[in-house]
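A structural walkthrough
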Amino acid sequence: MMTISPKELSKEQLLSLIIKCADFAAKKHKTQKRMNREGTPYINHPLGVAKILTEEGDVHDPVVIISAILHDTVEDTETTFEEIEQEFGAEVKLVVSEVTDDKTLPKMERKQLQIDHSPHISHEAKLVKLADKIYNLRDLQAEVPIGWTAERAHEYFKWAEQVINGCRGTNARLEAILDEIFASERMEYEKILTSS
Ligand code: ZN
């Protein structure tokens, strides 16, 4: 049981915990792939989200970074919150729980709940959400998923912007990146509309 906070660990202990966390997530997601044509291994996503936080958001709070690496394990694999708490502590479990959708609910309801809940989650959870959306929207800008129309992709951007609006005032760098993504997507979509 991990009773000590990641914030209180020595440099060596923290490095070990980060690697343990990446290994844990890789094993949990080992059979999953991203929904792109290449079928990229799913683990690229949580690791990429953590890297957006450190490299682009200048976020170095270990609770946030570990939570980012684990953020989809409970939602998308058999991982339980108890397991997360046992291995990575109560603070990480709390942040992961704040960014985990209840998959027993219908998809439309879950999407609405993300909009409703985002203003009320912790600062740490908002950081994970900002970076998660940056990663997913960049993916969507690079390639529209198989079976998606331009309208569906545009609706996704509009929904993501509503979720992000609830997380504003958290990290100016990450929010500026998102604003740029939303502005360029709107321009691209206008072009599609006027050319058709
Ligand atoms: Zn994610």
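See the structure above.
A brief structural summary. In this text the structure is predicted, and so the values were computed from the model without any measurement.

**Comments concerning unusual backbone geometry**
Here Asp58, not a glycine, exhibits a phi torsion of approximately 55°, which is positive. Note on placement: Asp58 falls in the loop between α2 (44-56) and α3 (62-70). The exposure class assigned to Asp58 is partly exposed, which follows from its relative accessible area of 46%.

**Quick notes on the environment of Ile164**
Inspection of the secondary structure assignment puts Ile164 in helix α9 (residues 150-165). Residues Ile164 and Lys126 lie 38 residues apart in sequence; the distance between their C-alpha atoms is 8.6 Å.

**Some details on the packing of aromatic side chains**
All chains considered together, the criterion is met by 3 aromatic pairs. Geometrically, the ring pair formed by Trp148 and Tyr156 is tilted, given 5.8 Å between the ring centres and 55° between the ring planes. Of the two residues examined, Trp148 and Tyr156, each falls in the buried class. Among the aromatic side chains, those forming a connected cluster through ring pairs are Trp148, Tyr156 and Trp159. Just above the ring of Phe88 sits the side chain of Lys20; from NZ or CZ to the centre is 5.3 Å. Geometry around Trp159 places Lys111 over its ring, the cationic atom sitting 4.3 Å from the centre.

**Let's talk about the nonpolar core**
Core analysis: the biggest nonpolar cluster contains 50 residues, and Leu53, Leu70, Phe88, Val92, Leu137 and Leu174 have the highest contact counts within it. Secondary structure elements with two or more residues in this core: α1 (11-28), α2, α3, α5 (81-88), α6 (90-98), α8 (123-142), α9 and α10 (172-195). Residue contributions to this core peak at 9 residues, all from α8. When near neighbours in sequence (up to four residues on either side) are disregarded, Leu174 contacts Ile52, Leu53, Glu56, Gly57, Leu127, Leu130 and Ile134.

**What to know about the coordination of the zinc ion**
On the protein side, the zinc ion has His45 (NE2), His71 (NE2), Asp72 (OD) and Asp132 (OD) as donor atoms, found 2.1 to 2.4 Å from it. One way to put it: the 4 donor atoms around the zinc ion meet at angles of 80 to 170°, and that makes the site irregular. Each donor residue of the zinc ion belongs to the same chain, with the gaps between them written as H-x25-H-D-x59-D. Separated by 27 residues along the polypeptide, His45 in helix α2 and Asp72 in the loop between α3 and α4 (73-76) bring together distant segments of the chain. Judged by its relative accessible area of 1%, His45 is buried. Classification of Asp72 by relative accessible area gives buried; the value is 7%.

**A short note on the side chain of Thr79**
Turning to its location among the elements, Thr79 is positioned in the loop between α4 and α5. Judged by its relative accessible area of 4%, Thr79 falls in the buried class. Separated by 2.7 Å, the side chains of Thr79 and Thr77 make a polar contact. Excluding residues within four positions of it along the chain, Thr79 makes contact with Phe24, Lys28, Thr73, Val74 and Ile84.

Procedures and definitions
- Residues numbered from 1 in each chain as written.
- Predicted model: local features only at pLDDT ≥ 70, side-chain atom pairs only at ≥ 80, totals over all residues.
- Heavy atoms only, no water.
- Helix = DSSP H or I, 4+ residues; strand = E, 2+ residues; numbered from the N terminus.
- Buried < 20%, exposed > 50% of the residue type's maximum accessible area, 1.4 Å probe, protein only.
- Phe/Tyr/Trp six-rings, centres within 6.5 Å; stacked < 30°, edge-to-face > 60°.
- Lys NZ or Arg CZ within 6 Å of the ring centre and 35° of its normal.
- Core = buried A, V, L, I, M, F, W, Y, C linked by side-chain atoms within 4.5 Å.
- Contact = heavy atoms within 4.5 Å.
- Donors = N, O, S within 2.8 Å, 3.2 Å for Na, K, Ca; no water.
- Tetrahedral: all angles 85-135°; square planar, octahedral: opposite > 155°, others 65-115°.
- Polar contact = N/O pair within 3.5 Å; in protein donor to acceptor, adjacent residues only side chain to side chain.

In short, the description is geometric, and any link to function would need to be established separately.
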